[in-house]
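# Tertiary structure, described
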Protein chains: 2
Amino acid sequence: MTEVIEPAIETVTIDVVLSALADPVRLTLVRALDTAGDWTCGSDILKEAGVTIGKSTVSHHIKVLRDAGLIRTRVDGIRRLVTLRYDDLEQRFPGLLAMLREHTAARATAAAPTSSA
Amino acid sequence: MTEVIEPAIETVTIDVVLSALADPVRLTLVRALDTAGDWTCGSDILKEAGVTIGKSTVSHHIKVLRDAGLIRTRVDGIRRLVTLRYDDLEQRFPGLLAMLREHTAARATAAAPTSSA
DNA sequence: CGAACGGTACGACCAAAGTCGAACTTTCCG
DNA sequence: CGGAAAGTTCGACTTTGGTCGTACCGTTCG
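A brief structural summary. (Residues numbered from 1 in each chain as written. Chains lettered and ligands numbered in written order. Predicted model: local features only at pLDDT ≥ 70, side-chain atom pairs only at ≥ 80, totals over all residues. Heavy atoms only, no water.)

Residues and elements named next belong to chain B. Here 6 bridges tie strand 1 (residues 71-76) to strand 2 (residues 79-84), and the two strands are oriented antiparallel to one another. The partner of aspartate 76 across the bridge, within strand 2, is arginine 79. Counting the residues in the hairpin turn of strand 1 and strand 2 gives 2 residues, including glycine 77, whose phi is positive at 60°. (Pairing = 2+ DSSP bridges. Helix = DSSP H or I, 4+ residues; strand = E, 2+ residues; numbered from the N terminus.)

Residue and element names in this part refer to chain A. Evaluation of the coordinates by the stated rule reveals 16 salt bridges over all chains. Two residues, aspartate 88 and arginine 85, come together in a salt bridge whose shortest N-O distance is 2.9 Å. Arginine 85 sits in the buried class, given a relative accessible area of 3%. Each of Glu6, Arg72, Arg85 and Asp88 takes part in salt bridges that share partners, so that together they form one network. (Salt bridge = Lys/Arg side-chain N within 4 Å of Asp/Glu carboxyl O. Buried < 20%, exposed > 50% of the residue type's maximum accessible area, 1.4 Å probe, protein only.)

Turning our eyes to something else, we now look at the protein's contact with DNA strand D. Near DNA strand D you find 20 residues, and of these A:Gly42, A:Lys55, A:Ser59, B:Gly54 and B:His61 are the closest. Take the atoms of DNA strand D that sit within 4 Å of the protein: sugar and phosphate atoms are 59% of them. Here a base oxygen of DNA strand D and a side-chain polar atom of B:Ser56 are 3.0 Å apart. The separation between a phosphate oxygen of DNA strand D and a polar side-chain atom of B:Thr57 is 3.2 Å. (Near = heavy atom within 4 Å. Polar contact = N/O pair within 3.5 Å; in protein donor to acceptor, adjacent residues only side chain to side chain.)

The following block contains the structure:
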């Protein structure tokens, strides 16, 4: 076998995609994948992005993203290559990846007004 | 006063928007608002959508959506009118609302993963 | 004025989700 | 064959955040 099970793109709902993207670690990972292309858990694009978590946690997030239809995992000998499902995502949710790309690392969250009066 | 404080659209990050949309109740509410236009908490578009929650919970979700920059609340006498920030959202996240609209109520979550083996 | 209505604020509760460490699996290689 | 490398699985812990009830505030109207 050379592929890990993933959902058919037609069965992917935006509800699940939004939930998957709602976690900061996963969002960081998706953005990094978009930039880096193929990736293995061992590589430290996450650490470079300031995220330091255990490998079982990484594995968990990978699974969530895969189940949500966002990424694909191919088995390559001793390791697994992870990639974004560009074409599938563009077909089903056109513009979504571009949106994430454009609004990357918008760390301007500081400004938060709120409260009524 | 006729407006409740809301964040300027330039300060709204997609991270926060995604988190706000990741909850099923809020997603239902946003979709209903998109269809219904102006709305007050008293009106039962939520119940019609099959969501029955207490009014303090509704208030909480409204606040989350407002803080995330998705909706606007105007004070009209004894009640508050809630609307989507169509223009602001279209300016900052073009296509986002259309995407939610198009993938409304995709209740096909049952679906099976494509198996390989 | 005072009661009723529409909604918010606060605190407590509980379920869902993120995190970790350790054990296990598979593959590669000496 | 045995050991190391790369990930996954499992169970337990902790944090997050959705929910509720109640108290509270501002507005309208009798």
